[in-house]
Amino acid sequence: MSKKQTYLYILAAGIILILAGFFMHISLITSAYHTIGKMVANPLVFGPAAVCAFMGNGRYWLINLACALIASLIIQYFVIGHGAGIYTILYRAAAFLIVVYFLNLLKIILAK
């Protein structure tokens, strides 16, 4: 299976999961969708994610996961200035990884 197919299958699975959450009124999925949607548009998340999206390495997603967690902690404690719960930090890290994922998908589509 090619990288493009893998990325598109992951995208399809994510869309199906989100749609199922909305149709079945699963509040964890719907609230996470809205929160992450707001965080993706934040330049404090989008900027570092865009930089990390174009790094090349053998352990690419592991490095991006570490970057996402570190960036979300730095944003929360040094930029916003106060602590937050685990959900806020993980939602921000998920927003970071979503930006990386979509930029990589765009890079794969445009490369062919």
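Conventions and cut-offs
Residues numbered from 1 in each chain as written. Predicted model: local features only at pLDDT ≥ 70, side-chain atom pairs only at ≥ 80, totals over all residues. Heavy atoms only, no water. Helix = DSSP H or I, 4+ residues; strand = E, 2+ residues; numbered from the N terminus. Contact = heavy atoms within 4.5 Å. Core = buried A, V, L, I, M, F, W, Y, C linked by side-chain atoms within 4.5 Å. Buried < 20%, exposed > 50% of the residue type's maximum accessible area, 1.4 Å probe, protein only. Axes fitted to C-alpha atoms, helices over the stretch in contact; angles between N-to-C directions. Parallel < 35°, antiparallel > 145°, perpendicular 65-115°, else oblique. Left-handed = near helix turned anticlockwise from the far one by under 90°. Nonpolar A, V, L, I, M, F, W, Y, C, P; charged D, E, K, R; others polar. Expected span 1.5 Å × (residues − 1). Polar contact = N/O pair within 3.5 Å; in protein donor to acceptor, adjacent residues only side chain to side chain.

**Q** Kindly report on the side chain of threonine 30, identifying the contributing residues and their values.
**A** The topology assignment puts threonine 30 in helix α2 (residues 27-40). In contact with threonine 30, not counting residues within four places along its chain, are Gly21 and Phe22.

**Q** Explain the nonpolar core to me, and be specific about the residues and the numbers.
**A** Counting residues in each nonpolar core, the largest one holds 19 residues, and the members touching the most others are Phe96 and Val100. Of all elements in the fold, only α2, α3 (43-53), α4 (60-80) and α5 (86-111) reach the threshold of two or more residues within this core. Each residue touching valine 100, except ones within four places of it in the same chain, is listed here: Ala49, Ala53, Tyr60, Trp61 and Asn64.

**Q** Describe the packing of α4 against α5, listing the residues and the values that go with them.
**A** Running from N to C, α4 and α5 point in directions that differ by 135°, and their axes come no closer than 8 Å. The orientation of α4 with respect to α5, classified from their angle, is oblique. In this structure, the crossing between α4 and α5 has a hand that is right-handed.

**Q** Could you give me a rundown of the packing of α3 against α5, with the residues and numbers involved?
**A** Where α3 contacts α5, the two axes come as close as 9 Å, and the packing angle between them is 45°. Accordingly, the angle class assigned to the pair α3 and α5 is oblique. Relative to α5, α3 is oriented so that their crossing is right-handed. Contacts between α3 and α5 pair Val45, Phe46, Pro48, Ala49, Ala50, Cys52 and Ala53 from the former with Arg92, Ala95, Phe96, Val99, Val100, Leu103, Asn104 and Lys107 from the latter. Of the residues that constitute the contact of α3 with α5, the class distribution is 12 nonpolar, one polar and two charged.

**Q** Explain α4 residue by residue, including any values.
**A** The end-to-end C-alpha distance of α4, which contains 21 residues, comes to 28 Å, matching closely the 30 Å that a straight helix rising 1.5 Å per residue would cover. All of the buried residues along α4 are Tyr60, Asn64, Ala68, Ala71, Ser72, Ile75 and Gln76. Close packing links the buried residues of α4 with α3 and α5. One or two residues past the end of α4 sits glycine 81, with phi positive at roughly 100°.

**Q** Report on the side chain of glutamine 76, specifying residues and quantitative values.
**A** In this fold, glutamine 76 is placed in helix α4. A distance of 2.7 Å separates polar atoms of two side chains, one belonging to glutamine 76 and the other to arginine 92. Among residues more than four places away in sequence, those in contact with glutamine 76 are Gly81, His82, Gly83, Ala84, Thr88 and Arg92.

**Q** So what about unusual backbone geometry? Which residues, and what values?
**A** Even without being glycine, histidine 25 reaches a positive phi, approximately 55°. For histidine 25, the location among the structural elements is in the loop between α1 (3-23) and α2.

Keep in mind these values describe shape, not function.
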